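# Structural description and commentary
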Amino acid sequence: MTVRAAGVSFENRQERLAFLQQFKPEDLTVTLEREKENKFDINAIQIVVHIKPIRRRTVIGYVPKGLARELSKVLDMGIQVTATLMQIIGGYGWKESLGALINIAI
């Protein structure tokens, strides 16, 4: 399934997404990481992009809340879930923020 990352306008994530646009898709990998200590959502799942050429990682957002409620159960059972950054979207005008489309497979 393909989802749009949630929470991309917080904690400098717009700058992170803009920075990621300079890399080729093959330079980026994505992992989904549970954040059980999240004070806003006990089912929170971070979307983490790993940038191979510079050996860095950054959180670009979260799996949307409704999906995270179910997907967190899958991750907590130890079932492998893969994710791919499909596209960085938006940013076309001064009011339009950047976003990210993520493909998730179980």
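Going by the structure above, here's the rest.
Throughout what follows, the structure given in this document is the object of discussion. Keep in mind it's a predicted model, so treat the numbers as computed, not measured.

### Details of the packing of aromatic side chains
Scanning the entire structure with this criterion turns up one aromatic pair. The interplanar angle of 70 degrees and the centroid separation of 5.3 Å between the aromatic rings of F19 and F23 together place this pair among those described as edge-to-face. On the accessibility criterion, F19 (38% relative accessible area) is partly exposed. Look at F23 and you get buried, because its relative accessible area is 16%.

### What to know about the nonpolar core
The biggest cluster of nonpolar side chains holds 27 residues, and the ones touching the most others in it are L32, I60 and I102. For this core, the secondary-structure elements that each account for two or more residues are helix 1 (13-20), strand 2 (28-34), strand 3 (45-51), helix 2 (65-76), strand 5 (82-90) and strand 6 (98-105). In contact with I60, other than residues within four places in its own chain, are V8, R13, L17, L20, I47, V49, L85, A100 and I102.

### With respect to the pairing of strand 6
Direction of pairing for strand 1 (residues 2-4) relative to strand 6: antiparallel, over a ladder of three bridges. Residue pairing across strands places V3 opposite I102, the latter belonging to strand 6. Examined bridge by bridge, strand 5 and strand 6 share eight bridges and lie antiparallel to one another. In the strand pairing of strand 6, A83 is matched with I104.

### Examining the environment of G7
With respect to the element layout, G7 can be found in the loop between strand 1 and helix 1. Look at G7 and you get partly exposed, because its relative accessible area is 24%.

### A short note on helix 1
Residues R13, Q14, L17 and L20 constitute the buried set of helix 1. Along the axis of helix 1, the buried residues cluster in a sector spanning 125 degrees; they form a single face. Tucked inside the fold, the buried residues of helix 1 contact strand 2, strand 3, strand 4 (56-62), strand 5 and strand 6.

### What to know about the environment of Y62
Inspection of the secondary structure assignment puts Y62 in strand 4. Sequence-distant contacts of Y62, defined by excluding residues within four places in its chain, comprise A5, A6, R13, E35, N38, A44, I45, Q46 and I47. At 2.7 Å, the side chain of Y62 forms a polar contact with the side chain of E35.

### Some thoughts on unusual backbone geometry
Phi at E11 is positive, roughly 50 degrees, even though this residue is not glycine. Mapped onto the secondary structure, E11 falls in the loop between strand 1 and helix 1. Owing to a relative accessible area of 55%, E11 belongs among the exposed residues under this scheme. Phi is positive for R55, close to 50 degrees, though the residue is something other than glycine. For R55, the position within the fold is in the loop between strand 3 and strand 4. Residue classification places R55 among the exposed residues on the basis of a relative accessible area of 79%.

Calculation criteria
Residues numbered from 1 in each chain as written. Predicted model: local features only at pLDDT ≥ 70, side-chain atom pairs only at ≥ 80, totals over all residues. Heavy atoms only, no water. Phe/Tyr/Trp six-rings, centres within 6.5 Å; stacked < 30°, edge-to-face > 60°. Buried < 20%, exposed > 50% of the residue type's maximum accessible area, 1.4 Å probe, protein only. Core = buried A, V, L, I, M, F, W, Y, C linked by side-chain atoms within 4.5 Å. Helix = DSSP H or I, 4+ residues; strand = E, 2+ residues; numbered from the N terminus. Contact = heavy atoms within 4.5 Å. Pairing = 2+ DSSP bridges. Arc of directions from axis to C-beta. Polar contact = N/O pair within 3.5 Å; in protein donor to acceptor, adjacent residues only side chain to side chain.

Everything listed is a geometric property; what it means functionally is a separate question.
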